[in-house]
Amino acid sequence: EKGEANNPSKTFDSKTTTDSVSIFVKPTVDAGFNSNTTKAEDVVTVNGKSYYKLDLGISYQNSDTDESLVSVTIDKPADGDYILVIKGTDGTYTEITDFTKTYTEAELKNIYVQAPENKHGDFNLSGSFVAKDSQNGLGNSVNYEATKTENFTHKLTITPVTDAPTITVETGKDTIKV
C-alpha cells in the first residue's frame with residue numbers, strides 16, 4: 001500500500017493527445033509618411049512660375065511592404081508665395097482650394113508646389129494620413145487588419161541654382177557693361 005501511493009506512474013494512466021493550436025500575430029502599421037522632397041530651383045517653369053513635384057507617400061519600415069496608403073488630407077499652406085496645385089492628365093496645373101478633400105495614393109503623385117521663379121528655400125506642408133496593414137491580403141477579418149491615422153509634416157527644400165549669365169552686344173557699341 002505504501003509503495004503504490006508514493007509511485008505516481010502506477011497511480012495515474014498516461015495518455016497522449018494532439019490538439020491544434022493557432023497562433024495569431026496581429027499586424028501593426030510601421031510605415032511613416034515621407035518627410036521631405038528636395039528639388040533644384042526652376043527645373044520646370046511655365047509663365048514665370050516654377051513647379052515642384054512632391055514626393056508624397058509612405059516609406060516602409062522593417063522590410064514590411066504589405067502596408068498601403070489609404071488616404072491623405074492636406075492642410076492649407078500658410079505661406080502665400082507657395083501654392084499647392086494638382087497636375088491634370090492634360091498637363092495643366094489647377095490650384096488646390098478644397099482642403100477637406102482626401103487624396104488617394106495615385107492622386108498624390110500629381111501634387112506639386114507652385115512657386116515664383118527663382119524662389120528657393122524651404123516650404124512646409126502638413127496634414128494627416130491613414131495607412132493600412134493587411135497580413136497577406138487577408139483583410140476580410142478585422143483580426144488580420146490594422147490601420148493607423150497620423151499627422152505629418154513634409155518639407156520641400158528648393159536648392160538655389162545659379163542662372164547662366166546673358167550677354168548681349170548692341171550694334172555700334174564697343175564696350176559692354178556686365
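Quick notes on the rules
- Residues numbered from 1 in each chain as written.
- Predicted model: local features only at pLDDT ≥ 70, side-chain atom pairs only at ≥ 80, totals over all residues.
- Heavy atoms only, no water.
- Helix = DSSP H or I, 4+ residues; strand = E, 2+ residues; numbered from the N terminus.
- Buried < 20%, exposed > 50% of the residue type's maximum accessible area, 1.4 Å probe, protein only.
- Contact = heavy atoms within 4.5 Å.
- Areas by Shrake-Rupley, 256 points an atom, 1.4 Å probe, with all protein chains shown as cover.
- Salt bridge = Lys/Arg side-chain N within 4 Å of Asp/Glu carboxyl O.
- Pairing = 2+ DSSP bridges.
- Phe/Tyr/Trp six-rings, centres within 6.5 Å; stacked < 30°, edge-to-face > 60°.
- Lys NZ or Arg CZ within 6 Å of the ring centre and 35° of its normal.

Draft legend 1. Representation of the overall build of the protein chain within the structure. Along its length, the protein chain carries three helices and twelve strands. With 178 residues in all, the protein chain has 27% of them scored as buried. A fraction of 74% describes how many contacts in the protein chain between residues 6 or more apart in sequence connect residues 24 or more apart. In the form shown here, the protein chain has an accessible surface area of approximately 12,300 Å², with 47% of it arising from carbon and sulfur atoms.

Draft legend 2. Spotlight on the pattern of salt bridges. The final tally for this structure, using the stated rule, is four salt bridges. A salt bridge links lysine 155 to aspartate 122; its shortest N-O distance comes to 4.0 Å. With lysine 155 in strand S12 (residues 145-159) and aspartate 122 in strand S11 (residues 121-134), this pair connects stretches of sequence that are 33 residues apart. On the accessibility criterion, aspartate 122 (45% relative accessible area) is partly exposed. Glutamate 150 is paired through a salt bridge with lysine 148; the nearest N and O atoms lie 3.7 Å apart. Accessibility expressed as a relative area gives 37% for glutamate 150, which makes it partly exposed. With a relative accessible area of 16%, lysine 148 lands in the buried category.

Draft legend 3. Region of the structure containing the sheet that holds strand S7 (residues 83-87). Judged by pairing direction, the sheet is antiparallel, and its five strands sit side by side in the order S3-S4-S10-S7-S8 without closing on themselves. Two strands close off the open sheet at either side, each with one partner strand: strand S3 (45-46) and strand S8 (93-95). Relative to S8, S7 runs antiparallel, the two being bridged by three bridges. If you follow isoleucine 86 over to S8, its bridge partner there is threonine 94.

Draft legend 4. Region of the structure containing the packing of aromatic side chains. Summed over the entire model, instances satisfying the criterion amount to five aromatic pairs. Ring geometry for phenylalanine 33 against phenylalanine 129: centres 5.4 Å apart, planes inclined by 40°, an arrangement best described as tilted. Separated by 96 residues along the polypeptide, phenylalanine 33 in strand S1 (residues 32-33) and phenylalanine 129 in strand S11 bring together distant segments of the chain. Phenylalanine 129 sits in the buried class, given a relative accessible area of 1%. Seen in terms of ring centroids, tyrosine 93 and tyrosine 112 are 5.4 Å apart; in terms of plane orientation they differ by 75°. Their pairing is edge-to-face. With tyrosine 93 in strand S8 and tyrosine 112 in strand S10 (residues 111-116), this pair connects stretches of sequence that are 19 residues apart. When the ring centre of tyrosine 103 is taken as reference, the NZ or CZ atom of lysine 101 above it lies at 4.9 Å.

Draft legend 5. A look at the pairing of strand S4 (residues 49-53). Note: S3 against S4, two bridges, orientation antiparallel. Across the sheet, residue threonine 45 finds its bridge partner in S4, namely serine 50. Strand direction decides the pairing type here: S4 and S10, joined by five bridges, are antiparallel. Across the sheet, the residue bridging to tyrosine 51 is glutamine 114, located in S10.

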